[in-house]
Amino acid sequence: MTDEAAAEEGGKGYLLDNRQAEAGERFAALAELFDPVTFRRLRALGVADGWHCWEVGAGGPSVPGWLAARAGARGRVLATDLDTSWMPKSGAPYEVLRHDVGAEEPPEGPFDLVHARLVLVHVARREAALRAMVRALRPGGWLLVEDADPALQPLACPDEYGPEQRLANRVRRGFRALLAERGARLDFGRTLPRLLRTAGLAEVEADAYFPITSPAGSALEAATVRQIRDRLIEAGLATAEEIQEHLANLATGQLDTTTAPLISAWGRKPSSHDGL
Ligand SMILES: C[S@@+](CC[C@H](N)C(=O)[O-])C[C@H]1O[C@@H](n2cnc3c(N)ncnc32)[C@H](O)[C@@H]1O
C-alpha cells in the first residue's frame, strides 16, 4: 500500500487542528525550538533579496516573516496553509492563501525556494504534495523539507528515572498512537533524502536536530497534551487523572522533555529538469 492509500484509509484529518486555542501556543513553541535551525539552513541555501519563496503549511507568521525580510521588496513570499487562522489577516509583507498541498495544484510560481516544516508528516497524500512542491520550483531552485521522525526517537523523557518520566513517556506513546491512527507516518523524516532524489532533485543533503530539554520543549508538550486530552481519554490511552498529573509535572519546570528529531532535507531542481 502506498503512503497515500494507507493515510487515506486511516485518515481522520489533521490531529492538531489549528482552530483550537492551543495551536497558537504550539506555533510559538515550535518557532522557539526550530526557527534557529530552519533559518540557519535557509541562510546557507542563499535566500536573498529578490527571491520568490513558497512557505507550505506555514502555521504561524515566524517563518514567512523571516523570509519576507530576507527577500525584500523585490522578492515575493507566499504563505499557504490548510487553515490560515494564525496568520495575519492583512498588512503582512507576504501573501497568505488557504491551500491544501496534498490535494490542490501548486500556486502560481515558479519559486526559488519551497519550504515545509512539520507539514508533510501529517498530509495524507504526502507523495503527491512533494511532487507538487517540486513542480513549483524554478530550475535551479531549492526545496527544503523538514519533518519529524518520532519513530527514530519516540520518547518524551529519554532519561526515564522515575514515575514522572514514565508517565510522560506513556502519554507520548498515546500521542503517537493517535497520530498513526490519523495517517501520520511516524518514520517519515528519515525517508526525505530518498524522496527528494526520487523526485528528481540534485545536491541532496540532510541533517537532524532535537532539543534535549528547554522551556519551549515543556511548553510544546503541555499545549499538545491539552489539545489532545479528550482524544487520549476517549481512546483509553490515558486517564484524566494521569493527564492532570503529567501537566502538573510539566508545570514544575523540572521535567526534562524532548521532541522527536526534526530531519531537514534539501535538494535543488536541476537546471535541465525534464518534467515531473
Ligand atoms: C505542526 S504544524 C507546523 C506549522 C509550521 N510549519 C511550523 O513548523 O511551525 C502543521 C501545519 O501544517 C498544516 N497542514 C496540515 N495539513 C496540510 C495540508 N494538507 N495542506 C497545507 N497545510 C497543511 C496545518 O494546518 C498546520 O498549520
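As shown above, the structure is provided for reference.
Residues numbered from 1 in each chain as written. Predicted model: local features only at pLDDT ≥ 70, side-chain atom pairs only at ≥ 80, totals over all residues. Heavy atoms only, no water.

Engineer: Let's hear about the packing of aromatic side chains: which residues, and what values?
Structural biologist: Going through the model one piece at a time under the given rule, you end up with three aromatic pairs. Judged by centre distance (4.6 Å) and plane angle (10 degrees), the ring pair of Phe39 and Trp66 falls under stacked. Placement of Phe39 in helix α2 (residues 22-45) and of Trp66 in helix α3 (residues 62-71) is noted, with a sequence separation of 27 residues between them. Judged by its relative accessible area of 12%, Phe39 is buried. (Phe/Tyr/Trp six-rings, centres within 6.5 Å; stacked < 30°, edge-to-face > 60°. Helix = DSSP H or I, 4+ residues; strand = E, 2+ residues; numbered from the N terminus. Buried < 20%, exposed > 50% of the residue type's maximum accessible area, 1.4 Å probe, protein only.)

Engineer: Account for the side chain of Thr258, with residues named and values stated.
Structural biologist: With respect to the helices and strands, the residue Thr258 is situated in the loop between α8 (240-251) and β7 (262-268). Ignoring sequence-local partners within four residues, the contact set of Thr258 consists of Gln153, Leu155, Ala156, Pro158, Arg172, Phe210, Pro211 and Ile212. (Contact = heavy atoms within 4.5 Å.)

Engineer: Quick one: what's the story with the sheet that holds strand β5 (residues 137-148), residue by residue and with numbers?
Structural biologist: Adjacent strands of a sheet pair through backbone hydrogen bonds, lying either parallel or antiparallel. Spatial strand order, β3-β2-β1-β4-β5-β7-β6: seven strands in an open sheet with mixed pairing. The open sheet has two free edges, formed respectively by β3 (95-98) and β6 (202-209), since each of these has just one partner strand. With direction set aside, neighbouring strand axes in the sheet form an average angle of 15 degrees. For β5 and β7, the ladder comprises seven bridges, and the chain directions are antiparallel. Across the sheet, Trp142 pairs through a bridge with Arg268, a residue of β7. Strand contacts of α3: β1 (52-56), β2 (76-81) and β4 (111-117), with the helix running at about 170 degrees to β2, the strand carrying the most contacts. (Pairing = 2+ DSSP bridges. Axes fitted to C-alpha atoms, helices over the stretch in contact; angles between N-to-C directions.)

Engineer: So what's going on with the nonpolar core? Residues and values would help.
Structural biologist: Membership of the largest hydrophobic core comes to 27 residues, with the highest contact counts inside it found for Trp54, Val114, Leu120, Met133 and Leu143. Secondary-structure elements contributing two or more residues to this core are β1, β4, α4 (126-135), β5 and α6 (192-198). It is α4 that provides the largest number of residues to this core, a total of four residues. Counting residues in each nonpolar core, the second largest holds 20 residues, with Ala68, Leu113, Leu144 and Trp266 among its members. (Core = buried A, V, L, I, M, F, W, Y, C linked by side-chain atoms within 4.5 Å.)

Engineer: Run through the environment of Ala136, naming residues and quoting values.
Structural biologist: Note on placement: Ala136 falls in the loop between α4 and β5. Look at Ala136 and you get buried, because its relative accessible area is 6%. Separated by 127 residues in the primary sequence, Ala136 and Ile263 place their C-alpha atoms 22 Å from one another. Once residues within four sequence positions are removed from consideration, Ala136 is found in contact with Trp54, Pro106, Pro110, Phe111 and Val114.

Engineer: So what's going on with the site of the ligand? Which residues, and what values?
Structural biologist: Around the ligand, the surrounding shell holds 16 residues, and the nearest of these are Gly57, Asp81, Asp100, Val101 and Arg117. Between the ligand and the protein, one listed contact pairs a nitrogen atom with a backbone N or O atom of Gly57 at 2.8 Å. Contact distances for the ligand include 3.3 Å between a nitrogen atom and a backbone N or O atom of Leu82. In the complex, 96% of the free accessible area of the ligand, which totals 600 Å², lies under the protein chains. Partitioning the shell around the ligand into residue classes produces nine nonpolar, four polar and three charged. (Near = heavy atom within 4 Å. Polar contact = N/O pair within 3.5 Å; in protein donor to acceptor, adjacent residues only side chain to side chain. Areas by Shrake-Rupley, 256 points an atom, 1.4 Å probe, with all protein chains shown as cover. Nonpolar A, V, L, I, M, F, W, Y, C, P; charged D, E, K, R; others polar.)

Engineer: Can you lay out α2 for me, pointing to particular residues and giving the numbers?
Structural biologist: Between its terminal C-alpha atoms α2 stretches 32 Å, which fits the 34 Å expected from 24 residues at 1.5 Å a residue. Taken as a whole, α2 carries its principal kink of about 55 degrees at Phe34; the proline Pro36 stands between one and four residues after it. Burial runs high along α2: 17 of the 24 residues are buried. Positive phi appears at Gly46, one or two residues downstream of α2, with a value of about 95 degrees. (Expected span 1.5 Å × (residues − 1). Bend = angle between axes of the 7 residues up to and from the residue.)

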